[in-house]
Amino acid sequence: MFCLKQKILCGIAALCTVLSVQAEDKIMRVGAEPAYAPFEFIDEETKELTGFDIELIKAIAEVEGYKIEINTMPFDALIPALLTNNVDVILSAITITEERKKRVAFSVPYYDSGLTILINEKDKDKVKSVSDLEGQKICVQIGTTGANYASTQIKGATVSQFNTAPESYLELKAGGCVAAINDRPVNDYYLATNKSEGIISLPGTLSSESYGIAMRKTDEAMVKAVNDGYQKLKENGTLDKIYSKWFGSSK
């Protein structure tokens, strides 16, 4: 009888150990670029990483039962970090493109966007549309669809690429380029700050884009968890609350 009880207790202990390890292992390692307001950026007061994307992925992780670890890195390092298994999920207003879909799996689209052009207000009479940028110097953020558009769609343009969007804005403001091209919500957020004095946006958008959360194609469990979590946030109203906080209206 003693031996039987001992075996039962040992079995229970072993099961508890397995369950404990499984619970500890349920971690979502996230990669994000920390200078892309309002999607992800360092709050000047709290010094904490915040933004729409950050709140979204935290909410997805919570509703799916994951603990979350967020790693910050340059935008062009996100996909390499994902593919080398240094992170499980990446998001930083990443546009879903056919080229990127060859390398990674995307979640359902979570934000619709497009590219816009910022110029110095003093140039508004000579730069009225994208055609006026032919042969001009253009500032972009490296690895973005804005960088790709400037390089492939604007004839004769000299494209200066910067590690972050704020760096490209600083160069524009200093007169180092004629225009800066980036995603509309990022440009609009910059225009709403007191750092954008003298900078204006040309009307309209250059393209229609959708953002997605990216994961490894082989990580089917994570792809399912992210999509399931996003759907739950849509259904319980959390997604609308996050969207309204950062963009002023529900999605």
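Look up: the structure comes first, before these words.
Residues numbered from 1 in each chain as written. Predicted model: local features only at pLDDT ≥ 70, side-chain atom pairs only at ≥ 80, totals over all residues. Heavy atoms only, no water.

J.: Let's hear about the nonpolar core: which residues, and what values?
T.: Membership of the largest hydrophobic core comes to 43 residues, with the highest contact counts inside it found for Met28, Leu56, Val89, Tyr110 and Ile213. Put simply, the parts of the chain that give this core at least two residues each are β1 (27-32), α2 (52-63), α6 (165-173), α7 (184-191), α8 (220-236) and α9 (238-247). Every residue in contact with Ile213, bar those within four places of it in the chain, is listed here: Leu56, Ile57, Ile60, Val89, Ile90, Leu91, Ala105, Phe106, Ser107, Tyr110 and Val226. Membership of the second largest hydrophobic core comes to 15 residues, among which are Ile119, Leu133, Ala147 and Tyr149. (Core = buried A, V, L, I, M, F, W, Y, C linked by side-chain atoms within 4.5 Å. Buried < 20%, exposed > 50% of the residue type's maximum accessible area, 1.4 Å probe, protein only. Helix = DSSP H or I, 4+ residues; strand = E, 2+ residues; numbered from the N terminus. Contact = heavy atoms within 4.5 Å.)

J.: Could you give me a rundown of the pattern of salt bridges, with the residues and numbers involved?
T.: For the structure on display, the rule yields twelve salt bridges. A salt bridge links Arg29 to Asp88, with the shortest nitrogen-to-oxygen separation between them at 2.8 Å. With a gap of 59 residues between them, Arg29 in strand β1 and Asp88 in the loop between α3 (78-83) and β6 (89-90) connect regions that are remote in the sequence. For Arg29, a relative accessible area of 23% translates into the label partly exposed. By relative accessible area, which is 7% here, Asp88 ends up buried. The closest approach of N and O atoms between Asp123 and Lys126, which form a salt bridge, is 3.6 Å. Taking the relative accessible area as the measure of exposure, Lys126 reaches 59% and is therefore exposed. One network of salt bridges, with partners in common, ties together Arg29, Asp88, Arg216 and Asp219. (Salt bridge = Lys/Arg side-chain N within 4 Å of Asp/Glu carboxyl O.)

J.: How would you sum up the sheet that holds β6? Please name residues and give values.
T.: Taken in spatial order, the five strands make up an open sheet running β5-β1-β6-β15-β7, and their pairing is mixed. Two strands close off the open sheet at either side, each with one partner strand: β5 (67-72) and β7 (105-106). By the bridge criterion, six bridges tie β1 to β5 in an arrangement that is parallel. Its bridge partner being in β5, Met28 is matched across the sheet by Ile68. Across the sheet, α2 lies against β1, β5 and β6, angled at about 150° from β5, the strand it touches most. (Pairing = 2+ DSSP bridges. Axes fitted to C-alpha atoms, helices over the stretch in contact; angles between N-to-C directions.)

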